[in-house]
Amino acid sequence: MSPSVSTPGPPPPGPFQPRSWRNRGRMSDEHRARLAERAAALALPNPATAAAWAPTVLDIGFGYGESLLALAQARPDARVLGVDVHSPGQLRAMDALVDAGLDDGTVRVLPADVTALLPALTPSSLELVQAFHPDPWPKRRHAARRLLRPTVLARITELLRPGGVLHVVIDNDTYAGSVRETTADIPALQEIPAPEVPETKYGRRARAAGRTVHSMAWTRQT
Ligand SMILES: C[S@@+](CC[C@H](N)C(=O)[O-])C[C@H]1O[C@@H](n2cnc3c(N)ncnc32)[C@H](O)[C@@H]1O
């Protein structure tokens, strides 16, 4: 069992912590036991181990795992790493991967804050980074808490191989606008038509609520 999965409590709440971190204590003992079992097969214990595994494709904030499953099925040639802090989502995602027979070594889960992973990864090593429906933090005063902020987008750009793709789906107009503005200021990124987006819980929720879903993609040119 990996230490970061078996530890039930998240770090103490801080000002920049995603809201979803606060619900991690709600799993039953049975779910915790299965989480540990799945983690033994599929999770990497910490960012350093995940970086050493040398992923080529990253799914940031995979939620309940629909996008991670679709990615792993579509890219059997890649080393796919899903990163999320939310334990019930980690369990659902790993259950789905096992059910699909994808516990064969080409896909892994890192139960951690992705901002702890990004510094550890090798520059120019990723062919695809995707982040679908990141927590919006819609209020102006909370904008600094958004995951896809300028420093994070700059680091992701460094991590992409030339020709690598960043694919972001956001259902908050202000957040989408800020990501567009930031990426426009990164000379190495060129906008391209966005790839197809798999059905995810938050995608369904956004469309049901009538929100515009912004699917945006860029390639690293140099
Ligand atoms: C709104 S949900 C979207 C989930 C999924 N991508 C979808 O489309 O249904 C955002 C997800 O990002 C995760 N998350 C938020 N901040 C994160 C961080 N810093 N590192 C890793 N995961 C994070 C949350 O736990 C949550 O599962």
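Computed from a prediction, not measured in an experiment: that's the story for all the values here.

A.B. asks: Before we move on, can you summarise the UniProt feature "binding site: S-adenosyl-L-methionine" (unreviewed entry) in the protein chain with the specific residues and values?
C.D. replies: Those places that UniProt annotates as "binding site: S-adenosyl-L-methionine" (unreviewed entry) correspond, in this numbering, to D59, D84, D113 and D135. Sequence-wise these annotated residues cover 77 residues; spatially they are packed, their C-alpha atoms never more than 14.4 Å apart. Within the secondary structure, D59 sits in strand β1 (residues 57-60). Excluding its chain neighbours within four sequence positions, the residues that come into contact with D59 are S67, L68, L71, L81, G82, V83 and Q130. Of note is the side chain of D59, whose polar atom sits 3.1 Å from the backbone nitrogen of L68.

A.B. asks: Please provide a residue-by-residue account of the sheet that holds strand β4 (residues 126-132), values included.
C.D. replies: Sheet strands line up and pair through hydrogen bonds in the backbone, either parallel or antiparallel. With mixed pairing, the 7 strands of this open sheet are ordered in space as β3-β2-β1-β4-β5-β7-β6. The sheet is open, and its two borders are formed by β3 (107-110) and β6 (189-192), each paired with just one other strand. In this sheet, adjacent strand axes meet at a mean angle of 20 degrees when their direction is disregarded. Where β4 and strand β5 (residues 160-170) come together, 6 bridges link them in parallel fashion. Residue pairing across strands places Q130 opposite H167, the latter belonging to β5. Contacting β1, β2 (80-83), β3 and β4, helix α4 (residues 66-74) runs over the sheet at an angle of about 175 degrees to β2.

A.B. asks: Break down the nonpolar core for me, with residues and values.
C.D. replies: Formed by 33 residues in total, the largest nonpolar core has its most connected members in L58, L81, L117 and L148. Among the nonpolar cores identified, the runner-up in size contains 22 residues, and L35, A93, V109 and A217 belong to it.

A.B. asks: Describe the site of the ligand, with residues and values.
C.D. replies: Neighbouring the ligand are 19 residues, the closest being G61, D84, D113, F132 and T200. A distance of 2.9 Å separates a nitrogen atom of the ligand from a polar backbone atom of V114. Residue T200 places a side-chain N or O atom 2.7 Å away from an oxygen atom belonging to the ligand. Considered on its own, the ligand offers 600 Å² of accessible surface; in the complex 95% of this is hidden by protein. Tallied by class, residues from the shell around the ligand come to 9 nonpolar, 6 polar and 4 charged.

A.B. asks: Please provide a residue-by-residue account of the confidence of the model for the protein chain, values included.
C.D. replies: Confidence in the prediction of the protein chain, expressed as mean pLDDT, is 90, and 89% of residues score 70 or more. Taken together, the stretch residues 1-23 has pLDDT below 50 and engages in 38 contacts with residues farther than four places along the chain or on a different chain.

A.B. asks: Break down the UniProt feature "binding site: substrate" (unreviewed entry) in the protein chain for me, with residues and values.
C.D. replies: UniProt feature "binding site: substrate" (unreviewed entry): in the numbering of this structure it lies at K139 and D171. The annotated residues occupy 33 residues of the chain but converge on a single region, no pair of C-alpha atoms lying more than 14.0 Å apart. Here K139 lies in the loop between β4 and α7 (150-159). Take K139: its relative accessible area is 46%, and that puts it in the partly exposed class.

A.B. asks: Residue-level account of the packing of aromatic side chains, with values.
C.D. replies: Applying the stated criterion across every chain yields a total of 0 aromatic pairs. Over the ring of W53 we find R79; its NZ or CZ atom is 4.5 Å from the centre of that ring.

A.B. asks: Describe the environment of T219, naming the residues involved and giving the relevant values.
C.D. replies: Its location among the elements puts T219 in strand β7 (residues 214-220). For T219 and R161, which are 58 residues apart along the polypeptide, the C-alpha to C-alpha distance reads 9.0 Å. At 3.0 Å, the side chain of T219 forms a polar contact with the backbone oxygen of G164.

Parameters and conventions
Residues numbered from 1 in each chain as written. Predicted model: local features only at pLDDT ≥ 70, side-chain atom pairs only at ≥ 80, totals over all residues. Heavy atoms only, no water. UniProt positions renumbered as here; feature names shortened; annotations may be inferred. Helix = DSSP H or I, 4+ residues; strand = E, 2+ residues; numbered from the N terminus. Contact = heavy atoms within 4.5 Å. Polar contact = N/O pair within 3.5 Å; in protein donor to acceptor, adjacent residues only side chain to side chain. Pairing = 2+ DSSP bridges. Axes fitted to C-alpha atoms, helices over the stretch in contact; angles between N-to-C directions. Core = buried A, V, L, I, M, F, W, Y, C linked by side-chain atoms within 4.5 Å. Buried < 20%, exposed > 50% of the residue type's maximum accessible area, 1.4 Å probe, protein only. Near = heavy atom within 4 Å. Areas by Shrake-Rupley, 256 points an atom, 1.4 Å probe, with all protein chains shown as cover. Nonpolar A, V, L, I, M, F, W, Y, C, P; charged D, E, K, R; others polar. pLDDT = per-residue confidence, 0-100. Phe/Tyr/Trp six-rings, centres within 6.5 Å; stacked < 30°, edge-to-face > 60°. Lys NZ or Arg CZ within 6 Å of the ring centre and 35° of its normal.

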